[in-house]
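One-letter residues, chain by chain:
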Amino acid sequence: MSQRIYCISGLGADEQVFSKLHLLDTELIFLKWLVPQKEELITSYAKRMFEQVKDEHPVMMGVSFGGIISIEIANLFQVSKLFLISSIKTKHERPIWMEGVGRLQLNQLINPKFSTLFYPVEDFFLGAQQKDEKKLTATFRKNTDSYYLKWSIDQIVKWKNVTIPPNITHIHGTKDRIFPIKKV
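Residues numbered from 1 in each chain as written. Predicted model: local features only at pLDDT ≥ 70, side-chain atom pairs only at ≥ 80, totals over all residues. Heavy atoms only, no water.

**Focus: the nonpolar core**
Here's step 1: By size, the foremost hydrophobic cluster in this structure holds 32 residues, and its most contacted members are M60, F65, I69 and I73.
Here's step 2: Of all elements in the fold, only β1 (3–8), α1 (42–50), α2 (65–76), β4 (81–85), α3 (96–104) and α6 (146–158) reach the threshold of two or more residues within this core.
Here's step 3: Ranked by the residues each element gives to this core, the list is headed by α2, at six residues.
Here's step 4: Not counting chain neighbours up to four residues away, the residues in contact with F65 comprise G10, L11, W33, I42, Y148, W151, S152, Q155 and I156.
Here's step 5: Listed in part, the six residues of the second largest apolar core include I5, C7, F18 and V63. (Core = buried A, V, L, I, M, F, W, Y, C linked by side-chain atoms within 4.5 Å. Buried < 20%, exposed > 50% of the residue type's maximum accessible area, 1.4 Å probe, protein only. Helix = DSSP H or I, 4+ residues; strand = E, 2+ residues; numbered from the N terminus. Contact = heavy atoms within 4.5 Å.)

**Here we look at α1**
Here's step 1: Restricting attention to buried positions, one finds in α1 the residues I42, Y45, A46, R48, M49 and F50.
Here's step 2: Elements that come into contact with the buried residues of α1 comprise β1, α2 and α6.

**Structural notes on the pairing of strand β3 (residues 59–63)**
Here's step 1: The buried fraction of β3 amounts to five of the five residues, a majority that puts the element mostly inside the structure.
Here's step 2: Covered by surrounding structure in β3 are V59, M61 and V63 together with M60 and G62, the residues of both alternating faces.
Here's step 3: Two elements, β1 and β3, share four bridges in a ladder whose sense is parallel. Looking across to β3, one finds that C7 is bridged to M61.
Here's step 4: Of the crossover connections in this fold, the one passing from β3 over α2 to the parallel β4 is right-handed. (Pairing = 2+ DSSP bridges. Right-handed = clockwise from strand over helix to strand, strands pointing away.)

**Looking at the sheet that holds β1**
Within a sheet, neighbouring strands are paired by backbone hydrogen bonds and run either parallel or antiparallel to one another.
Here's step 1: Spatially, five strands are ordered β2-β1-β3-β4-β5 in an open sheet, and the strand pairing comes out parallel. In the strand order of this sheet, the two ends are held by β2 (26–30) and β5 (168–171), each with one partner. With direction set aside, neighbouring strand axes in the sheet form an average angle of 20°.
Here's step 2: Of the strands in this sheet, β1, β3, β4 and β5 touch α2, which is tilted by about 145° from β3. (Axes fitted to C-alpha atoms, helices over the stretch in contact; angles between N-to-C directions.)

**A look at unusual backbone geometry**
Here's step 1: If you check the backbone angles, E39 has positive phi at about 60° while not being a glycine.
Here's step 2: The topology assignment puts E39 in the loop between β2 and α1.

**Things to note about the confidence of the model for the protein chain**
In low-pLDDT regions, the fine details of the predicted coordinates are not to be read closely.
Here's step 1: Mean pLDDT for the protein chain: 87, with 88% of residues reaching 70 or above.
Here's step 2: The least confident element of the protein chain is helix α4 (residues 119–126), whose mean pLDDT is 67; the most confident is α1, at 98. (pLDDT = per-residue confidence, 0-100.)

**Quick look at the packing of aromatic side chains**
Here's step 1: Counted by the stated rule, this structure contains seven aromatic pairs.
Here's step 2: Between the aromatic rings of W33 and Y148, the centroid separation amounts to 5.5 Å while the plane-to-plane angle is 50°, which identifies the pairing as tilted. One end of the pair, W33, is in the loop between β2 and α1; the other, Y148, is in helix α6, and 115 residues separate them in sequence. The same class applies to W33 and to Y148, which are both buried.
Here's step 3: Both rings, one in Y45 and one in W151, keep their centres 4.6 Å apart while their planes meet at 45°; by these two values the pair is tilted. On the criterion of sequence distance, the pair formed by Y45 in helix α1 and W151 in helix α6 is long-range, its members being 106 residues apart.
Here's step 4: On the basis of relative accessibility, which here comes to 6%, the residue W151 falls in the buried class.
Here's step 5: Every member of this aromatic cluster is reached through a ring pair, and the members are W33, Y45, F65, Y148 and W151. (Phe/Tyr/Trp six-rings, centres within 6.5 Å; stacked < 30°, edge-to-face > 60°.)

**Notes on the side chain of S152**
Here's step 1: Structurally, the position occupied by S152 is in helix α6.
Here's step 2: Leaving out residues up to four positions away in the same chain, S152 has contacts with L11 and F65.

**As for a nonpolar patch on the surface**
Here's step 1: Side chains of L104, L106 and L109 sit close together on the surface and give an oily, nonpolar patch of about 340 Å² of accessible area.
Here's step 2: Within the element layout of this structure, L104 appears in helix α3. (Patch = residues over 30% accessible without salt bridge, like charges linked within 9 Å, V, L, I, M, F, W, Y side chains within 5 Å. Areas by Shrake-Rupley, 256 points an atom, 1.4 Å probe, with all protein chains shown as cover. Salt bridge = Lys/Arg side-chain N within 4 Å of Asp/Glu carboxyl O.)

Written out as structure tokens, the structure is:
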């Protein structure tokens, strides 16, 4: 019997983010992003995301914002293992500029519709340099719902978590521009 790992991709992304991950005797199950309910709190959203999980004590894997949701799930339900990739465990690991955006509520001024003028900047922050990586970010732009995007950004800049769940393995690159390793 193979091990199942429940995967949550980054903000607005889909299972393509895991396309180069190949693990022996492992079944990757990709949780689908849900449309947030009006004024839904991240804890409530994490509970709804967990409804897609069919194991009692699952192994979870989250990338970036998916890692934040995975942390929220692990704080609500017993998970046997949590893998965090290019994400943050607590609000203290969030970059200072995100803190400022959240405190000043500057994120409320952001129009979540992508403008082609910002594509190079977005690609830079997402680390998309190769043709296939830029294709992935283009898919992200095309498929991301603007309400979901605005809600997600709001949740990230206002996230209050200080609890690190047990059984966590945190994998983080040295060139992450969204969540720089110096804060992690």
